[in-house]
Every structure is written in structure tokens, then in C-alpha cells.
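One letter stands for each residue in the lines below.
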Amino acid sequence: MTSLRTDGLTKAFGGVRAVDGATVELLDGRINGLIGPNGSGKTTFFNIVTGMIRPDAGRVLYRDRDITRQPPHRIAHAGIGRTFQLCRVFPRLTVLENMLVAVRRTGLRELLAGLRDRGEVERARHWLRRMGIEHLEDAEARDLSYGQQKLLELAAVLMAEPDLVLLDEPAGGVNPALIDRITGLVRDLNAEGRTFLVVEHNMDMVMGMCDHVIVFDRGAPIAEGPPSVVREDPRVLEAYLGV
Amino acid sequence: MRIASRAFPLLIAALALGYPWLVPNYYLVYAGALTVMYAAMATSWNLLGGFTGYVSLGHSAFFGLGAYGTGLLVTRLDVPWAVALPVSAALVTALAAGVGVAAVRVRGASFVIVSIALVSMTNLVAQGWRSLTGGSSGLQVPSPFPGLHRGQTHMAFFYLFLALLALALLTWWYVSRSRFGAGLLAIREDEDKAESLGVPTAAYKVTAFALSALFVALAGGLYALWFGSLDPIFVFSILIGSNMVLMSLLGGVRHLYGPLLGALIVAPAGEYFLIALGETQIHLTATGLVLILVVLFMPDGILARFTRRRAGPSIPDRSAGERLHEVTP
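The structure displayed is predicted, hence computed values, not measured ones.

Draft legend 1. Layout of the interface of chain A and chain B. The interface of chain A with chain B comprises 43 residues on the first partner and 32 residues on the second. Elements with a contribution of two residues or more to the side of chain A that touches chain B: helix 2 (72–78), helix 3 (95–100), helix 4 (108–112), helix 6 (146–159) and helix 7 (176–191) of chain A. Among the residues forming the side of chain A that touches chain B, the class breakdown is 23 nonpolar, 10 polar and 10 charged.

Draft legend 2. Representation of the nonpolar core in the model. All names here are of chain B. Counting 175 residues, the largest nonpolar core has Ala40, Met41, Phe161, Ala219 and Leu222 as the members making the most contacts within it. Element by element, the count of residues in this core is highest for helix 10 (residues 201–227), at 18 residues. Setting aside anything within four residues of it in sequence, one finds Ala219 in contact with Met37, Ala40, Met41, Phe63, Gly66 and Leu164.

Draft legend 3. Molecular detail of the pairing of strand 9 (residues 212–217) of chain A. Residues and elements named next belong to chain A. Burial analysis of strand 9 places 5 of its 6 residues in the buried class, which makes it a mostly covered element. When strand 9 meets strand 10 (residues 220–225), the two strands line up antiparallel, connected through 5 bridges. Its bridge partner being in strand 10, Ile214 is matched across the sheet by Glu224. Connecting the antiparallel pair strand 9 and strand 10 is a turn made up of 2 residues, with Arg218 showing a positive phi of about 50°.

Draft legend 4. Layout of the environment of Thr287 of chain B. All names here are of chain B. The residue Thr287 is located in helix 14 (residues 282–297) in this model. Between the alpha carbons of Thr287 and Phe234 there is a distance of 17 Å; along the sequence they are 53 residues apart. Setting aside anything within four residues of it in sequence, one finds Thr287 in contact with Leu246 and Gly270.

Draft legend 5. Highlighting the sheet that holds strand 2 (residues 16–27) of chain A. Residues and elements named next belong to chain A. Pairing is antiparallel in the open sheet, where 4 strands are placed in the order 2-1-4-5. One side of each edge strand has no neighbouring strand; the edge strands of this open sheet are strand 2 and strand 5 (65–66). Where strand 1 (residues 2–13) meets strand 4 (residues 57–62), 5 bridges bridge the pair, whose relative direction is antiparallel. Paired with Asp7 across the two strands is Arg59, which belongs to strand 4. Contacts from helix 1 (residues 42–49) reach strand 1, strand 2 and strand 4, with the element oriented near 115° to strand 1.

Conventions and cut-offs
- Residues numbered from 1 in each chain as written.
- Chains lettered and ligands numbered in written order.
- Predicted model: local features only at pLDDT ≥ 70, side-chain atom pairs only at ≥ 80, totals over all residues.
- Contact = placed C-beta atoms within 7 Å.
- Helix = DSSP H or I, 4+ residues; strand = E, 2+ residues; numbered from the N terminus.
- Nonpolar A, V, L, I, M, F, W, Y, C, P; charged D, E, K, R; others polar.
- Core = buried A, V, L, I, M, F, W, Y, C linked by C-beta atoms within 7 Å.
- Buried ≥ 20, exposed ≤ 12 C-beta atoms within 10 Å, placed from the backbone.
- Pairing = 2+ DSSP bridges.
- Axes fitted to C-alpha atoms, helices over the stretch in contact; angles between N-to-C directions.

The values reported here are purely geometric and, on their own, carry no functional implication.
Written out as C-alpha cells, the structure reads:
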């Protein structure tokens, strides 16, 4: 089953076409890698899919539903979660409060519900435990180390129970032990049925973790396939190395 | 500690209830009523400012609209005051929701400017629309308690404002314990991030904006009934809004009682300056000076000094990566 499909997505900033007719299809249940040189449009692509940027042209379909130009919170409710390139948590909220921000649906009940709803708090603790940061639940997020913040960000995204998770450079700025930890987590979460799309520059991580790799250059995919095939593709080598 | 923190609000409440009988003259009852009115408005302002970080200097508009709405319903349509007050507040809240849809689209300094524009516009309309509002010659509103003398009227309104304050505090407390409140805080911290976690930020902000207008409009309506005379230049004055901001910042926007504490300091100080310095504009300079000092030296307010959250040293200073060896075999 198709998880995410984009048709001819295009977005220009001034005269620069950051994303240029990108047509991409992700299958359910896979870990997809999205790689490409700096400025090839990966993050802009993420931002369009999650509704943070409106495309000039093209469509985004999630499970065959058109979600183009929907506000980000609707896209989140549809089941797409994301992390940010520079890890973003709510610095002056506690770890537990960070977890309880996620909203899964709109409505008056959600609005009036108590913050310390027991079921929700239990769910939050479950995810914090899986990240190994449950002992920090009362700390303010700004007091966490960068690596801990990365884990918190991922945990908070998972609170919304997304079926598709977009990770923007999960290995950026963290130590090797934590990279292994995040890789293991992504594999486990994938085994539980979640689909991933991962933008990453750490090639070892991408090639070791992903089932399918899409290569972007100048705002559109130029190659895709299993890691072993993509690695040898002459177009990819050219885009990366300029040979 | 627990008992103390439970007993404290009760003690304050008892003091507040007894205040009109404890003070020697009716002037102090009047000053008390004014202070409680400001405390209610600042607490209401903080429903928006404290939670979302959107600083509105324009809440005078809701004060003035609430005042004129109540005054006009009573004088022009002969509506009983007890009906006019909530009806006017409901209308202002609905209007605030409409205005909010446009206003909260801009952030930071732009929002402040938009909120100031709101006061200027309502002021101009109230002054210009003479046939309805009486313009700058004012609107006279009959007293709801014609049987009471001046001092007793101050007393009655002291308790009405106190009830309003209790309502505003209760609302703030409820919001602070709700998922809605967590969403608003998330908006203050990082709006786009909140949106990506499924928080309908626009709807949340508009709701907070309207809710914070509600109690200010009620205060305005009570003010109209209390003073019995409305002048657009005063009730649509940006000073009323900036007072709410000053009180909230001084006391601490992150605390339930922050704006109340700020009002207890700023409102009596304002009255004192007015008496000591006379009906000049010098007391405004004093207010401005205090605002500058607060922003410079106590950006988180007085209460933040005493109720630091547990943080920093209590957290193990290790990265999650290092901790891995402990949690995973």
C-alpha cells in the first residue's frame, strides 16, 4: 500500500527552484532514506509534505488522501509526524509537559481535557522509558543535553501515534553511541509497523538502516532503490562528487 | 509547606473580603475596588499574554467596548443592568474572536502594533459616532444601586470586582491544568513546532484571545455602572492596557497570582502618585519608569524569584549516549 505520494511538487524561493517537480512514492512499512547534496531540496520537501510550506504546484497524497495545502496540525492528525533538523523541543516546559503537548484530534473534549489525564501520562512515560529518559520527566527541556533533547523530540512525536515519521538528520550533532541507539529505535518502531522517511548525511547510518533510498538533486529525485544499488549508481556519484 | 501553600490563598481571600470594613474611610474602599478591578483585568490579560506570549497593549479596547456596550444597553434600550453586563461582554468576546482571527496571524512586535491599532480605532469610532455614544461629551449611565450613597456603592462594586477576580483566577487555574493550556504554552515556546505536533495553533490563540477579552469586557461593564460616566478618551486609553501589561510582568506572567500581585503594587502606587503629584502627567512617567526597570531587571517577575522550578543542578550532567550503557544491557 502506498503511504505517501507526491506528484510534481514544485517550490521556488525567488528564482531558485528548491523543489522542482518532485514525484516520490513511499510504500507502507519501510524505512526510506532521502539523501542528496546540500541544497538539493530535502528539507523543503519535508516542509511541503508536513504543510509548513505551501507548494507552487503539485500534490501530496497520504494514503490516497489529498493533503496538499492543509495546515500542519491537520497533517499531523492524518498520521504524519516529524522531527526538525536542529532539534526542537519546548525549552521552558518540563520533559513530561513536552510529551503532553501533542494533540491527536480536534474537538472540545480535547480542549477541556485535564493535562494530567492518567492514560496520557502513562503513554508519555512509556515513550520516555523507551528512549531511556524517563528519569528526567520533571526537568525543564532546556536543561537536557542535546542528545537527550533529540530523544525527547522523537518521543514527543511518537505521542501523536504517527504512522509515517519524517526524521530530519537524526544523527546530526550526536555521539556515535546515540546514533546506534537511534538506529535501533527506528528499526524497532519500524518493526511495529511505522513507516519512516529519513534525511541523513551520515551514509553509514543511511546504508545500514534503510530498505529503500531516494536520491535528490536540484529539487527532484534522480535515483532510487535499495542502498546497495543506489551506492553504485553513476548519477548519484556525479551528483555527490561532481565527476 | 503544603499547608502553608493551601492556607495562603484562604488568608488572602479572608483579608480581601474583610478589607472594606478594615479600612478607615470610603476613599480606601474606592481605591481597593479600583485595585481589584485591575487585578481581574491583569489576570484576564495573562490568559493570553502569560500562556501564549502574545503581548497585547490593546486590551483597553475590550474594556471600553464592554463599558460602552453595557452603558448603551442600559441607557438606550432600557435593558436591566444585570442583563446588559453579560450580554455586552458576550458581544465583545464574539467581536474579539473575530478580531483575533486576523490579529494572531502576526507574531511578536507586529502583534503588539496591531493591538495598539485596535485601541486607536475603537477610540476614534467612540469619539466620532456622536449620535450613539455621545462622543467626547460622554455617556451618562444611571447607577444600578440608586438607594446607596457613594461610599456604599464603592463597597458594592468592590465585591462585584472581587467576584470577577475570583472568576478570572479560577479560569486561569483551570486552563493551566488543561491540555489546552499546555498547547498555549507550547505556542509561546515554539509555535511551528506545536503546530507540527497537531496543536491547532490558530484556533487555540483565537480562543485564548477571546477568553482574555471576556473578563476585561466584564470589568469595563462594571466600571460603566460604577462610575456612571464614560468618556472615550479615558476608557479607550492605551494606558489601561499598558497597566495590565505592567502588572502582569511585574508580578510574573507564569504564575496564577502574578498579575494579582502586580496589581496590588501598581494600582495603589498609581493612586498615590495621583494624590502626591496632582492631576498632572508625571504619574505616567513613574509608571513608564517602573515598566522599564521590570523589563531590565526582573523579566520573569517578582514571583519567579521565589518559586524557581527545580532544574539545573538536580539533573545528571551526562549525555543520553553515555547513559545508554546503564539502561541497555
